[in-house]
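Spelled out from the first residue to the last, the chains are:
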Amino acid sequence: MTPEQERQATGWMTSAQQGDARAYEALLMLLARDARGFVGRRVGFADWGEDVVQEALLTVHRALRTYDPQRPFGPWFYAIVNSRLVDALRARRRQTSREVVDDEVVATHAAEAPSPAAQHLQDRLAEAVACLPRVQREVVSLLKYEELSVRDVASRLGMTEGAVKATAHRGYKVLRRLVGETGEHRPTY
Amino acid sequence: MNTDQLIERLVADVRPVRRLLDPTERAALWMAVALVSIAGGVAYFGVRRDIATIWFDVEFVGRGLLLVATMWLAVVSAFRMAVPGAERRAFARWWPIAALGVVLAVLAAEVIAAAIMGNAGSPLRAVHCIQKVALVGVVPAVVAVVLVRRAWAAEPKWTLVLGMLGSGAAGALTAELSCPIHAPLHILLWHMLPVVGVAALGVVLGNALIRRAVGRP
């Protein structure tokens, strides 16, 4: 979400809290698009990605009264999407641990989807990023998923460049521990 | 249902909402309720008979201040965690636990020292102090649950543990103000450890009381 979109979202949200349906619709459209991008950048193509987007929108609806226009909109919204993504990844992990792999289905879909090992690693990495403390998560996400420069991240989050680098370093260290560094699955951050 | 249909439904359902107060303001409201509960508890159980002189006891005053700090820090953290993105630093949730930890550590050291000297006392002395913690903690705990449920807690267990910790600390403060026993073993077992028990209830009840309220599977 760009700073301009964030300002727009704050305005729409304030109107939506007063019951303005048109502002709310515009807000939800923007949030759906943004949540789709957020989820897609973390887990790639996933048939359950749209479910996360819908869960996030439902949560925005339920949590409408918790938003304070004095606070920035981005952290409020991304905390919700992030939480929904973590829930989905955990549910998926529980589900896949119980699944019996069907070789034929795997062979049919092999050409269009990433390998199960790569998808598994991507899911683990996404879950690990989602579990980082908020500032580390934002820094790592902006650097690696949004591919912003250190300078841009520093200006977006109101931090110094040194602080961004140090925070990213701490975040990567936690990610290495969470995801593990084994052979070919070594992450490339 | 696809996302566009969902958006249509949500838009049709939008109504004016009353914004929640800031987490610090909500914590101040909770604190007022907790102080009334403590006052009620002390009135019911009676004030300790050495109340006039105990204020000069550094340990008693230190313990009291740490309990008040535990109450405040725990509920502020709980209410911040119940608002998406409002928790600024993840380690903030550890401050109330650290405050209570200091109380427990000091008391444990005193118990060990007393045991070495051979005068730790009976662990079963005045067991009923646990009632003070439980009974006085109930009202602030219910208020904390209601306030958390009105918001949206992404981490129900953590949030409720902190809410319960604050409530248990209110109960412990009542026990401190109404029980004249100085023995560290008694204070540790029947004033402070019940606070840990009350907080642990948050782990057990977090999903049941909060998770459904926030609409999570």
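Residues numbered from 1 in each chain as written. Chains lettered and ligands numbered in written order. Predicted model: local features only at pLDDT ≥ 70, side-chain atom pairs only at ≥ 80, totals over all residues. Heavy atoms only, no water.

Colleague: Hey, could you run me through the overall build of chain A in this one?
Modeller: A tally of helices and strands in chain A yields nine helices and zero strands. Going from N to C terminus, chain A has its helices and strands arranged as α-α-α-α-α-α-α-α-α. Within chain A, the fraction of its 189 residues that count as buried is 42%. In chain A, 66% of the contacts between residues at least 6 apart in sequence involve partners at least 24 apart. For chain A, the exposed surface amounts to about 10,100 Å²; the carbon and sulfur share of it is 51%. (Helix = DSSP H or I, 4+ residues; strand = E, 2+ residues; numbered from the N terminus. Buried < 20%, exposed > 50% of the residue type's maximum accessible area, 1.4 Å probe, protein only. Contact = heavy atoms within 4.5 Å. Areas by Shrake-Rupley, 256 points an atom, 1.4 Å probe, with all protein chains shown as cover.)

Colleague: When you look at the layout of surface pockets in this model, what are you seeing that I'm missing?
Modeller: It is the rolling of a water-molecule-sized probe over the atoms that shows where space remains empty. All names here are of chain A. Here the second largest pocket defines a volume of roughly 1,000 Å³. If you trace the second largest pocket, you find 41 residues lining it, with P75, R134, V135, E138 and L157 closest to the centre. At the level of secondary structure, the elements contributing two or more residues to the lining of the second largest pocket comprise α2 (21-43), α4 (73-98), α7 (134-145), α8 (150-157) and α9 (161-179). Split into classes, the residues belonging to the lining of the second largest pocket amount to 18 nonpolar, eight polar and 15 charged. Lining the lining of the second largest pocket are residues from two domains, each supplying at least three of them: domain 1 (3-97) and domain 2 (114-179). (1 Å grid on protein atoms, 1.4 Å probe; cavity = no way out; pocket = protein on both sides within 12 Å on 5 of 7 lines; lining within 4 Å. Points joined across faces, edges and corners; volume = space filled by probe spheres on them. Nonpolar A, V, L, I, M, F, W, Y, C, P; charged D, E, K, R; others polar. Domains from an automatic or database assignment.)

Colleague: So what exactly am I meant to see when it comes to the domain arrangement of chain A here?
Modeller: Where the parts come together, the accessible area they lose is often given as the size of the interface. All names here are of chain A. You can read the domains of chain A as domain 1 (3-97) and domain 2 (114-179). Distance between the C-alpha centres of domain 1 and domain 2: 19 Å. The partner domain 2 presents 13 residues to the 14 residues of domain 1 that form the contact. Each partner contributes to the roughly 1,300 Å² buried at the junction of domain 1 and domain 2, and carbon and sulfur atoms together form 49% of this total. Looking only at domain 1, the three residues that lose the most surface to domain 2 are R41, R42 and L89, adding up to 41% of its buried area. Put simply, domain 1 and domain 2 have zero salt bridges between them. At the junction of domain 1 and domain 2, the tally comes to one residue pair in polar contact (both at pLDDT 80 or more). For the side of domain 1 that touches domain 2, the secondary-structure elements that each account for two or more residues are α2 and α4. (Buried area = accessible area lost by both parts, 1.4 Å probe. Salt bridge = Lys/Arg side-chain N within 4 Å of Asp/Glu carboxyl O. Polar contact = N/O pair within 3.5 Å; in protein donor to acceptor, adjacent residues only side chain to side chain.)

Colleague: So what exactly am I meant to see when it comes to the side chain of N82 of chain A here?
Modeller: Residue and element names in this part refer to chain A. Here N82 lies in helix α4. Overall, the relative accessible area of 6% leaves N82 in the buried class. N82 has contacts with F38, A130 and R137, leaving out every residue within four places of it along the chain.

Colleague: Looking at this structure, I do not really get the interface of chain A and chain B. What am I missing?
Modeller: Taken residue by residue, the interface counts 37 residues in chain A and 34 residues in chain B. Where chain A abuts chain B, roughly 2,900 Å² becomes buried across the two surfaces, and 62% of that area is made up of carbon and sulfur atoms. Taken as a group, R65, T66 and R71 of chain A account for 22% of the area that chain A buries against chain B, more than any other trio of residues on that side. For the interface between chain A and chain B, the tally reads one salt bridge. With its nearest N and O atoms 3.2 Å apart, the salt bridge here joins D22 of chain B to R71 of chain A.

Colleague: In this structure, what is going on with a nonpolar patch on the surface? I would like to understand it.
Modeller: Residue and element names in this part refer to chain B. Together, W72, L73, F91, W94, W95 and I97 make up a nonpolar patch on the protein surface, roughly 610 Å² of accessible area in all. Contributions of two or more residues to the nonpolar patch are made by α4 (58-81) and α5 (95-117). Along the chain, the position of F91 falls in the loop between α4 and α5. (Patch = residues over 30% accessible without salt bridge, like charges linked within 9 Å, V, L, I, M, F, W, Y side chains within 5 Å.)

Colleague: Can you help me understand the nonpolar core in this one?
Modeller: Grouped burial of nonpolar side chains is what soluble globular proteins tend to show. Membership of the largest hydrophobic core comes to 51 residues, with the highest contact counts inside it found for W30, I38, L67, M71, F79, L165 and M192 of chain B. Taken together, the elements giving at least two residues each to this core come down to α2 (23-45), α4, α5, α6 (129-150), α7 (156-178) and α8 (184-211) of chain B. The biggest single contributor to this core is α7 of chain B, with eleven residues. In this structure L67 of chain B touches L100, A169, A172, L173, E176 and M192 of chain B, once residues within four positions along its chain are discounted. The next biggest cluster of nonpolar side chains, apart from the first, holds 39 residues, and it includes M1, L30, L31 and A126 of chain A. (Core = buried A, V, L, I, M, F, W, Y, C linked by side-chain atoms within 4.5 Å.)

Colleague: What is the right way to read the environment of L178 of chain A from this model?
Modeller: Residues and elements named next belong to chain A. Tracing the sequence through the fold places L178 in helix α9. It is 9.9 Å that separates the C-alpha atoms of L178 and L132, two residues lying 46 residues apart in sequence. Once residues lying within four places of it in the same chain are set aside, the contact partners of L178 are R124 and A128.

Colleague: Any chance you could explain helix α1 (residues 3-17) of chain A here in plain terms?
Modeller: Residues and elements named next belong to chain A. With 15 residues, α1 should cover 21 Å at 1.5 Å per step; its first-to-last C-alpha distance of 21 Å lies within 8% of that length. Listed as buried for α1 are E6, A9, T10, M13, A16 and Q17. Down the axis of α1, the sector holding all buried residues measures 130°, keeping them to one side. Just downstream of α1 lies G19, where phi reads positive at about 95°. (Expected span 1.5 Å × (residues − 1). Arc of directions from axis to C-beta.)

Colleague: Can you help me understand the pattern of salt bridges in this one?
Modeller: Any two side chains of opposite charge can pair if their charged atoms end up close together. All names here are of chain A. In this structure the tally under the stated criterion is ten salt bridges over all chains. In this structure, E55 engages R84 in a salt bridge whose closest nitrogen and oxygen atoms are separated by 3.5 Å. With a gap of 29 residues between them, E55 in helix α3 (residues 49-62) and R84 in helix α4 connect regions that are remote in the sequence. Here the salt bridges do not stand alone but share partners, grouping E55, R84 and D87 into one network.

Colleague: Where do I start with α7 of chain B in this structure?
Modeller: In an α-helix, one turn spans 3.6 residues, which is why side chains three or four residues apart end up on the same side. Taking 1.5 Å per residue as the helical rise, α7 of chain B with its 23 residues ought to reach 33 Å, and the 33 Å between its terminal C-alpha atoms agrees with that figure. Burial runs high along α7 of chain B: 21 of the 23 residues are buried.

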